[in-house]
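# Structural overview
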Amino acid sequence: ACPIDKDIPVNLKSGVWAPMNDWTVTDIDGVVHSLADYRAEGKYVIVDLSAVWCPPCWSLHQSGLMDDIHNTYGPDGTDEVVMLWVEVEGAPLSELQGGGGSQGDWTEGGTWPVPIISTTSLNSHFAELWDNFIPRMFLICPSGYYKNIPSDTYSNGAAAVYNETLGCPDFGQPPVAQISGPANVFMGEEVIYTNIGISLDPITGYTWT
């Protein structure tokens, strides 16, 4: 992973799910992408945060994973998912096309099917769960909650990434337990766990076992 800000620790910030504020951006082809509109249509939005100079980002781009997600689950497939690629430092078109310190032509001569967005305006929207390392792929659910898609999922293909949508919080579903506590303790040590339940319906009570 490539650091955008070296003052941020490597580990992802605490928490599994966080609420996402709606946003609107325009891609390099002039197409407007509104998160509110996608949510209203029941779409899952997957956003890859990258930068043109980042070698691991280029490797992920070249793997074909995002193409497969777009083609299989996007508008030319089941039309359940919107796949977006975001250059988080707002690189100019010349660098997106391979100029300057870019790793290559991210547009693939203008034929890459995944919408390309070059802006810094989205960075703050992911701040609650983003550690400022790239590439980072996030899933935004129709309910407005978002989560990090673990990087070890990428190598398992588009279906594995799509399966992350199955855990999206939704109305009428049981709360999603988000339990935090120490991973390692000593014998006899008191252990304190906390749960931040993610639920779109009111949580009426807890039972611990």
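Scroll up for the structure.
An account of the accompanying structure is given in this report. (Residues numbered from 1 in each chain as written. Predicted model: local features only at pLDDT ≥ 70, side-chain atom pairs only at ≥ 80, totals over all residues. Heavy atoms only, no water.)

## Description of the side chain of Thr153
One can find Thr153 in the loop between β10 (145–148) and α5 (158–162). Among the residues examined, Thr153 registers a relative accessible area of 8% and is labelled buried. The residues touching Thr153, leaving out its near neighbours within four places in the chain, are Ala160, Val161 and Glu164. (Helix = DSSP H or I, 4+ residues; strand = E, 2+ residues; numbered from the N terminus. Buried < 20%, exposed > 50% of the residue type's maximum accessible area, 1.4 Å probe, protein only. Contact = heavy atoms within 4.5 Å.)

## Focus on helix α2 (residues 55–62)
Helical geometry note: an α-helix holds 3.6 residues per turn, so side chains three or four residues apart project in the same direction. Restricting attention to buried positions, one finds in α2 the residues Cys57, Trp58, Leu60 and His61. Looking down the long axis of α2, one finds its buried residues gathered within 160° of arc, a one-sided arrangement. On the buried face of α2, the contacting elements are β5 (44–50), α3 (65–73), β8 (133–134) and β9 (136–140). (Arc of directions from axis to C-beta.)

## Concerning unusual backbone geometry
Trans peptide bonds make up most of the peptide bonds, and negative phi angles are found at most residues other than glycine. Omega for the bond connecting Ile134 with Pro135 falls within 30 degrees of zero, at -5°, which places this linkage in the cis form. Following the sequence through the fold, Pro135 ends up in the loop between β8 and β9. At Asp79, a residue that is not glycine, the phi angle is positive and equals roughly 60°. Within the secondary structure, Asp79 sits in the loop between α3 and β6 (81–87). Owing to a relative accessible area of 36%, Asp79 belongs among the partly exposed residues under this scheme. The phi dihedral of Asn132 is positive, around 70°, even though this residue is not glycine. With respect to the helices and strands, Asn132 occurs in the loop between β7 (116–118) and β8.

## A look at the environment of Gln103
Within the secondary structure layout, Gln103 lies in the loop between α4 (93–96) and β7. Accessibility expressed as a relative area gives 33% for Gln103, which makes it partly exposed. Residues Gln103 and Thr207, 104 residues apart in the sequence, show an inter-C-alpha distance of 52 Å. For Gln103, the contacting residues outside a window of four places in its chain are Val52, Trp53, Cys54, Pro55 and Trp58. A distance of 3.1 Å separates the side chain of Gln103 from the backbone oxygen of Trp53, its partner in a polar contact. (Polar contact = N/O pair within 3.5 Å; in protein donor to acceptor, adjacent residues only side chain to side chain.)

## Some thoughts on the sheet that holds strand β2 (residues 18–19)
Think of a sheet as strands paired side by side through backbone hydrogen bonds, with each pair either parallel or antiparallel. As summarised here, the arrangement of the six strands in space is β2-β10-β9-β5-β6-β7, forming an open sheet in which the pairing is mixed. Since the sheet does not close on itself, it has two edges, and those belong to β2 and β7, each with one partner. One ladder, built from seven bridges, connects β5 with β6; its direction is parallel. The residue bridging Val47 from the neighbouring strand is Leu84, located in β6. Running over the sheet, α3 touches β5, β6 and β9 and is turned about 150° from β6. (Pairing = 2+ DSSP bridges. Axes fitted to C-alpha atoms, helices over the stretch in contact; angles between N-to-C directions.)

## Thoughts on the state of the cysteines
Scanning all chains against the criterion turns up one disulfide. Across the disulfide, Cys141 is cross-linked to Cys168 (sulfur-sulfur distance 2.0 Å). Judged by the sign of its S-S torsion, about -75°, the cystine formed by Cys141 and Cys168 is left-handed. In this pair, Cys141 is assigned in the loop between β9 and β10 and Cys168 in the loop between α5 and β11 (179–180), connecting sequence segments 27 residues apart. Here Cys141 and Cys168 have matching classes, each one buried. (Disulfide = S-S within 2.5 Å.)

## Section: the pattern of salt bridges
One pass over the full model with this rule turns up five salt bridges. A salt bridge links Arg39 to Asp22; the shortest N-O distance between them is 3.0 Å. Placement of the pair is Arg39 in helix α1 (residues 35–40) and Asp22 in the loop between β2 and β3 (24–26), with a sequence separation of 17 residues. Residue Asp22 is classed as partly exposed on the basis of its relative accessible area, which comes to 39%. (Salt bridge = Lys/Arg side-chain N within 4 Å of Asp/Glu carboxyl O.)

It is worth stressing that arrangement in space is one thing and function is another; only the former is reported here.
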